[in-house]
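Below are the chains, spelled out letter by letter.
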Amino acid sequence: MGTARSVGITFEQTLPAENAEAAFIAELRAGSQDAFAHLLAVYQNPVFNLVWHMVENQADASDVLQDVFVKIFKGIKGFNGESSLKTWIYRIAVHEASNHRRSWIRRHWREPVSVDDPDSPSAAAAAEAASRERRPDQVFEQAEREVVVKQALASLAPPYRTVVVLREIEGMPYEEIAQVLGLAEGTVKSRLLRGRELLRRKLASYVGKQHV
Amino acid sequence: MFETCVEIREHFSDYLDDRCAPDARKALRYHLSFCDACWQQLEQMEAVGEELRALPRRPVPPDLALRLRVQVSRELNKKPWSQYCAEYWERFQEALRPFLLPATGGVLAAVICFGLFMGSQVAPITDVPDVTVQLVTPARVQELAPMDFNTGDNGLVVVTQINAEGRVKSYQVVSGEGSPEVMQGLDRMIYFSHYQPATMFGKPTDGEVILSLRRITVRG
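Residues numbered from 1 in each chain as written. Chains lettered and ligands numbered in written order. Predicted model: local features only at pLDDT ≥ 70, side-chain atom pairs only at ≥ 80, totals over all residues.

Asker: Which parts of the structure should I look at to understand the overall build of chain B?
Answerer: Secondary structure assignment for chain B yields eight helices and eight strands. Counting the 220 residues in chain B, one finds 15% classified as buried. Considering only intrachain contacts with a sequence separation of at least 6, the fraction spanning at least 24 residues in chain B is 66%. (Helix = DSSP H or I, 4+ residues; strand = E, 2+ residues; numbered from the N terminus. Buried ≥ 20, exposed ≤ 12 C-beta atoms within 10 Å, placed from the backbone. Contact = placed C-beta atoms within 7 Å.)

Now the structure itself:
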């Protein structure tokens, strides 16, 4: 069983080099339009993906993403460089998504939930099928897999879900997750173990069918 | 190293992330070599991780990306309050500049006119004594007539009644010699003396003056 993980994500390769980060931050602080354009180009997709997994709704994720970048813009002058820029941005994103989720629960806990979710993986997969000309059974198998995994992930309590998303989907190392969430590394480790175990139990029958 | 399956499963997460110590890794592999249940659970956990990593990454919708760029651009071009204030101050100064010369001339003319007008309003200094502001002032002798008569050794003390016009109404000798010669001399002296009447709230009124008279002889 291979244990080496591939966490190569597109944006990782396009992030500014560590030695150039200070210069990049200085440009951002100076209010350079080009620097902010680059920041958006580099971070908007990964941050949107993270937020989307945390709030599970494209409209909410869009709102949160805008809030995150407004906060980044307003807070960049106060950024002291104690952590990396990426960690700082992810910390803001996680914080905003958590706040949004809490306020959403307060606002909508009485409202009925629609079964026709336009953001569901099925709808996305159907649209993808039309564009990529894949076989319908492949498309729907993929869609089904996404639905099951997404539902299992969504059913996790927020502390576990956040750690699992940051580790498994964003591929962050433990130290960085601890910095983003402001937790001890041991806490991250225990939450990750607990989150993975809960997911394994929820998806046992499904992954057993696929892999065992 | 590991006693039970429960104990070994606590390290699955570390094992998957390649964070196990070499000894723990070796012990875990040994346990997995004979424990099918643990092996299956580890495989499931790894499969779940693969499923999560296989979830498609959601790119930012194009309209949202455009909104973000617009929002950032707007934030970048937003001016701070201090800059707004400075700009308004500059505009205000520019607006006032055409009025600078006329306004300065107007102010100078106003100052000159004010000086001239106030100069004409200054009260002249006169010799007229000020009116006393005391509530009540007693009657006084302004000038005693230089009459020579013999007052005797003990002198005379006379209470003189003065009316509001400063004239003597009557007098009474309180002590001293009251011979006809003395009284004649006293009459003349009191008659030819000048008095200032008493005043009450600035208005002349009746009053009295007490005179103590004694003849003084000086040898030359």
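So much for the structure itself; the text now carries on.
Asker: How should I be thinking about the interface of chain B and chain A in this particular structure?
Answerer: How large an interface is tends to be reported as the accessible area lost when its parts come together. The interface is formed by 32 residues belonging to chain B together with 37 residues belonging to chain A. Mapped onto the side of chain B that touches chain A, the elements with two or more residues apiece are helix H2 (12-16), helix H4 (36-54) and helix H5 (62-77) of chain B. When residues in the side of chain B that touches chain A are grouped by element, the largest group, twelve residues, is from H4 of chain B. Taken together, the residues of the side of chain B that touches chain A sort by class into 14 nonpolar, seven polar and eleven charged. (Nonpolar A, V, L, I, M, F, W, Y, C, P; charged D, E, K, R; others polar.)

Asker: What should I look at first to understand the nonpolar core in this one?
Answerer: Nonpolar side chains in soluble globular proteins tend to end up buried together. If you look at the biggest cluster of nonpolar residues, it comprises 58 residues, and the most contacted ones within it are Val47, Val51, Leu65, Ile89, Ala93 and Ile177 of chain A. For this core, the element with the most residues is helix H3 (residues 33-55) of chain A, which contributes twelve residues. Residues within four places of Val47 of chain A in sequence aside, it is in contact with Leu65, Val68, Ile89 and Ala93 of chain A. In terms of nonpolar packing, the next biggest core, distinct from the first, is built from five residues, Ile162, Tyr195, Ala198 and Val209 of chain B among them. (Core = buried A, V, L, I, M, F, W, Y, C linked by C-beta atoms within 7 Å.)

Asker: Looking at this structure, I do not really get the sheet that holds strand S7 (residues 203-205) of chain B. What am I missing?
Answerer: Picture the strands of a sheet paired through backbone hydrogen bonds; they go either parallel or antiparallel. All names here are of chain B. Pairing is antiparallel in the open sheet, where three strands are placed in the order S1-S6-S7. The sheet is open, and its two borders are formed by strand S1 (136-137) and S7, each paired with just one other strand. Relative to S7, strand S6 (residues 198-200) runs antiparallel, the two sharing three bridges. Looking at the pairing, Met200 lines up with Lys203 of S7. (Pairing = 2+ DSSP bridges.)

Asker: Looking at this model, I keep getting lost on the packing of H3 of chain A against helix H8 (residues 158-169) of chain A. Mind explaining?
Answerer: Two measures define how a pair of helices packs: the angle their axes make with one another and the distance between the axes. Residue and element names in this part refer to chain A. With their axes 10 Å apart at the nearest point, H3 and H8 run at an angle of 145° to one another. H3 and H8 meet at a crossing whose hand is right-handed. Residue-level contacts link Leu50, His53 and Met54 of H3 to Thr162, Val165 and Ile169 of H8. Residues belonging to the contact of H3 with H8 are distributed by class as follows: four nonpolar, two polar and no charged. (Axes fitted to C-alpha atoms, helices over the stretch in contact; angles between N-to-C directions. Left-handed = near helix turned anticlockwise from the far one by under 90°.)

Asker: Teacher, can you tell me more about the pairing of strand S4 (residues 168-175) of chain B here?
Answerer: Within a regular strand, side chains alternate between the sheet's two faces. All names here are of chain B. Within S4, only zero of the eight residues are buried, leaving the element largely exposed. Here six bridges tie strand S3 (residues 156-162) to S4, and the two strands are oriented antiparallel to one another. Note that in S4 the partner of Val158 across the bridge is Val173. Hairpin remark: S3 followed by S4, antiparallel, with five residues in the connecting loop; positive phi at Gly166, about 85°.

Honestly, it's all geometry; don't read function into it.
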